[in-house]
Amino acid sequence: MLRNVKGDDGIIIHHYESSKKQMDYDFIAETDLFDGIPADGIRQIINCSGAFVKEYKKGQAVFLEDEKPEYLFILMKGKLLVTKNYFSGRRIIFFEIHEREIFGILIRHKEGEKYWYDATAVTDSLVFAIPWKFLFQICPVACEHHMNIIKNMVSVQADSCVSQMKKLHILSGTTVEAKAAFLMFELADEKGELDFKMNREELADFLGVTRPSLSRSLMKLQKEGYIKIYKSKAKILDYEGLERLCHK
């Protein structure tokens, strides 16, 4: 099936079957989902579950919001955006997906359930997919490896919930400056340096604001001495002042 969806940035999102690629067992072993599972166990799980790897081109959707959830995914190569697109053309970015990260996990499994959001490749990407039906049942032999992957899945779901709580905290800012400040606090290292890892359009969609408003707010924060901006990177110069601004 081929579907085209035009985002507010003009990108046409294509959703269709992609070519399957060879499995990289060493890479998969390093992901949280397969943590503590030996190589022979990983091969057994993949063979038993029918998991596979597929290639997605830039702008192509891994899944769309009105589709039934059938797989749990791991990004092996590239970058994805998880978004909600509205009839008006407005797009909200929930989060980015980077290599080795698991996605498609925050869903309920009941009759008629759909994704509610899209996952789209920002660059050419490789994605590992394992069927949900395998994860929600114990195979006849009830092997230890299967039980371990279910335990790991619960841990990954907990991490995903914490990530969503962090975003809610960021969006709790009552001004654009406060939202940007909360995000910078979350991203900054011990030296106060950070990399947004998004272009300005994506960053605005992530914060739920317009790009011009975000640009004005960042320039204001820089002019007033709170931060220093270097293209997609920044450095916090005044922690206390920036924190006071967040709670005005």
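Report on the accompanying structure. The shown structure was predicted, so the numbers you read here are calculated from the model rather than taken from an experiment.

### Concerning the overall build of the protein
When its secondary structure is counted, the protein shows eight helices and 14 strands. Across the 248 residues that make up the protein, the buried fraction comes to 48%. Contacts in the protein between residues at least 24 apart in sequence constitute 69% of all its contacts with a sequence separation of at least 6. Of the roughly 13500 Å² of accessible surface on the protein, 52% is carried by carbon and sulfur atoms.

### Comments concerning the pattern of salt bridges
For the coordinates displayed, the defined rule picks out nine salt bridges. Across the pair Lys57 and Glu55 runs a salt bridge, and its minimum N-O distance is 3.4 Å. Of the charged contacts, one joins Glu96 and Lys79 as a salt bridge, the two residues approaching to 2.7 Å between their closest N and O atoms. On the criterion of sequence distance, the pair formed by Glu96 in strand 8 (residues 91-97) and Lys79 in the loop between strand 6 (71-77) and strand 7 (80-85) is long-range, its members being 17 residues apart. Taken individually, Glu96 and Lys79 each receive the classification buried, so the pair is uniform in this respect. When salt bridges with common partners are traced through the structure, they connect Lys79, Glu96 and Glu202 into a single cluster.

### Digging into the packing of aromatic side chains
In total, this model carries twelve aromatic pairs according to the counting rule given. Members of the aromatic cluster, each reached through a chain of ring pairs, are Phe52, Phe63, Tyr71, Phe73, Phe94, Phe103, Tyr115, Trp116 and Tyr117. Over the ring of Tyr25 we find Arg43; its NZ or CZ atom is 3.9 Å from the centre of that ring. For Lys167, the ring lying beneath its charged end belongs to Phe206, and the centroid distance is 4.1 Å.

### Details of the sheet that holds strand 7
Pairing is antiparallel in the open sheet, where four strands are placed in the order 5-10-7-8. Every other strand in the sheet has two partners, leaving strand 5 (61-63) and strand 8 as the edge strands with one partner each. Strand-to-strand twist in this sheet, taken as the mean axis angle between neighbours without regard to direction, amounts to 30°. In terms of strand pairing, strand 5 meets strand 10 (residues 118-121) through two bridges, oriented antiparallel.

### With respect to the packing of helix 5 (residues 176-187) against helix 8 (residues 239-246)
Put simply, helix 5 and helix 8 touch, their axes get as near as 8 Å, and they point 130° apart. Relative to helix 8, helix 5 is oriented oblique. Handedness of the helix 5/helix 8 crossing: left-handed. Facing helix 5, whose interface residues are Glu177, Ala178, Ala181, Phe182, Met184 and Phe185, helix 8 presents Tyr239, Leu242, Glu243, Leu245 and Cys246. Residue composition of the contact of helix 5 with helix 8, by class: nine nonpolar, no polar and two charged.

### Notes on helix 2 (residues 39-49)
Among the residues of helix 2, Gly41, Ile42, Ile45, Ile46 and Ser49 are the ones counted as buried. Seen end-on, helix 2 carries its buried residues on one side only, within an arc spanning 135°. With respect to the buried face of helix 2, the exposed residues turned more than 90 degrees away are Ala39, Asp40 and Asn47. On its buried face, helix 2 sits against helix 1 (25-29), strand 11 (125-131), helix 3 (132-135) and helix 4 (144-171). Just past helix 2, the residue Gly50 takes up positive phi, approximately 80°.

### Things to note about the side chain of Arg91
Position of Arg91 among the secondary structure elements: in strand 8. At 2.8 Å, the side chain of Arg91 and the side chain of Asp205 are in polar contact.

### Examining unusual backbone geometry
One non-glycine residue with positive phi stands out, namely Lys197, at about 60°. Relative to the assigned elements, Lys197 resides in the loop between strand 12 (193-195) and helix 6 (200-207). Even without a glycine there, the phi angle at Lys231 is positive, about 55°. Within the secondary structure, Lys231 sits in the loop between strand 13 (227-230) and strand 14 (233-236).

### Describing helix 7 (residues 211-223)
For helix 7, which comprises 13 residues, the first-to-last C-alpha distance of 18 Å matches the rise-based estimate of 18 Å (1.5 Å per residue) to within 8%. Summarising the contacts, the buried residues of helix 7 are in contact with helix 5, helix 6, strand 13 and helix 8. Gly225 occupies a position one or two residues after helix 7 and carries a positive phi of about 85°.

Calculation criteria
- Residues numbered from 1 in each chain as written.
- Predicted model: local features only at pLDDT ≥ 70, side-chain atom pairs only at ≥ 80, totals over all residues.
- Heavy atoms only, no water.
- Helix = DSSP H or I, 4+ residues; strand = E, 2+ residues; numbered from the N terminus.
- Buried < 20%, exposed > 50% of the residue type's maximum accessible area, 1.4 Å probe, protein only.
- Contact = heavy atoms within 4.5 Å.
- Areas by Shrake-Rupley, 256 points an atom, 1.4 Å probe, with all protein chains shown as cover.
- Salt bridge = Lys/Arg side-chain N within 4 Å of Asp/Glu carboxyl O.
- Phe/Tyr/Trp six-rings, centres within 6.5 Å; stacked < 30°, edge-to-face > 60°.
- Lys NZ or Arg CZ within 6 Å of the ring centre and 35° of its normal.
- Pairing = 2+ DSSP bridges.
- Axes fitted to C-alpha atoms, helices over the stretch in contact; angles between N-to-C directions.
- Parallel < 35°, antiparallel > 145°, perpendicular 65-115°, else oblique.
- Left-handed = near helix turned anticlockwise from the far one by under 90°.
- Nonpolar A, V, L, I, M, F, W, Y, C, P; charged D, E, K, R; others polar.
- Arc of directions from axis to C-beta.
- Polar contact = N/O pair within 3.5 Å; in protein donor to acceptor, adjacent residues only side chain to side chain.
- Expected span 1.5 Å × (residues − 1).

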